[in-house]
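Report on the structure
Chain by chain, the residues:
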Amino acid sequence: QVQLVESGGGLVQPGGSLRLSCAASGRIFSIDAMGWYRQAPGKLRELVATITSGGSTNYADFVKGRFTISRDNAKNTVYLQMNSLKPEDTAVYYCNADVRRTFVTVNNYWGQGTQVTVSS
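Notes on the structure follow. All values reported here derive from a predicted model rather than from experimental measurement. In this numbering scheme, every chain counts its residues from 1 along its sequence in written order. For a predicted model such as this one, the threshold for reporting local features is a pLDDT of at least 70, and the threshold for listing and counting side-chain atom pairs is 80 or more; totals across whole chains, interfaces and linings nevertheless cover every residue. The side-chain quantities take in all heavy atoms of the structure and omit both hydrogens and water.

Concerning the nonpolar core
When a protein is soluble and globular, its nonpolar side chains tend to lie buried together. As a reminder, the rule being used: Only buried Ala, Val, Leu, Ile, Met, Phe, Trp, Tyr and Cys residues count toward a nonpolar core, and they belong to the same one when joined by side-chain atoms within 4.5 Å. Whether a residue is buried, partly exposed or exposed follows from its accessible area with a 1.4 Å probe, protein chains only, as a fraction of its type maximum: under 20%, in between, or over 50%, in that order. Helix and strand definitions follow DSSP, with helices as H or I runs of at least four residues and strands as E runs of at least two, each counted in order from the N terminus.
If you look at the biggest cluster of nonpolar residues, it comprises 30 residues, and the most contacted ones within it are Trp-36, Leu-80, Met-82 and Tyr-93. Listed by contribution, the elements that provide at least two residues to this core are β1 (2-7), β3 (18-26), β4 (30-39), β5 (46-51), β7 (67-72), β8 (77-82), β9 (91-100) and β11 (114-118). Sort the elements by how many residues they give to this core and β9 lands first, with five residues.

Examining the pattern of salt bridges
Here the idea is simple: oppositely charged side chains can pair when their charged atoms come close. Selection rule: Whenever Lys or Arg places a side-chain nitrogen within 4 Å of a carboxyl oxygen from Asp or Glu, that contact is recorded as a salt bridge.
If you walk through the whole model with that rule in mind, you get five salt bridges. As a salt-bridge pair, Arg-100 and Asp-32 come within 3.1 Å of each other at their nearest N and O atoms. Taken together, the residues span a long stretch of sequence, with Arg-100 in strand β9 and Asp-32 in strand β4 at a distance of 68 residues. In this structure, Lys-64 and Asp-61 form a salt bridge, with 3.2 Å as the shortest nitrogen-oxygen distance. Relative accessible area serves as the criterion here: at 61%, Asp-61 is assigned to the exposed category. Shared partners join several salt bridges into a network, and the residues in it are Arg-38, Glu-46, Arg-66 and Asp-89.

Brief notes about unusual backbone geometry
A positive phi angle, near 50°, is found at Asn-76, a position not held by glycine. The residue Asn-76 is located in the loop between β7 and β8 in this model. Of the residues examined, Asn-76 reaches a relative accessible area of 22% and is grouped as partly exposed. Residues other than glycine seldom take positive phi values, yet Ser-84 does so here, at roughly 50°.

A short note on the state of the cysteines
Every disulfide links exactly two cysteines, by a covalent bond between their sulfur atoms. Keep this limit in mind: We call a pair of cysteine sulfur atoms a disulfide whenever their separation is within 2.5 Å.
As enumerated under the stated definition, the model contains one disulfide in all. One disulfide bridge connects Cys-22 with Cys-95, the sulfur atoms lying 2.1 Å from each other. Between Cys-22 and Cys-95 the disulfide shows an S-S torsion of about -80°. By sign, it is left-handed. In this pair, Cys-22 sits in strand β3 while Cys-95 sits in strand β9, placing the two residues 73 residues apart along the sequence. Here Cys-22 and Cys-95 have matching classes, each one buried.

Structural data, given as structure tokens:
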């Protein structure tokens, strides 16, 4: 089995910063794309950012210039550096990954989520 464990969420004031981490563990051959999604109360889950195994990134328009996604392939870990946080960034942030347990088998996994609250 594969597990994704997020950390780094919390309460921060508007304009502040947080860094989220997500570590994958278990039976892992390699990891293709990794990403972060978020879900605010009463809203659908939405894409925040993704990163390929080669380091290509994609961002939602509402975080461009403020958030940075990165990964450490040796540690099977993806990060989300969040700067200039706004109250509307308040949500549960979820890690997602396409994990190869063998060379030909790819499965998609979600973490349990970490709460980010931006409030004064």
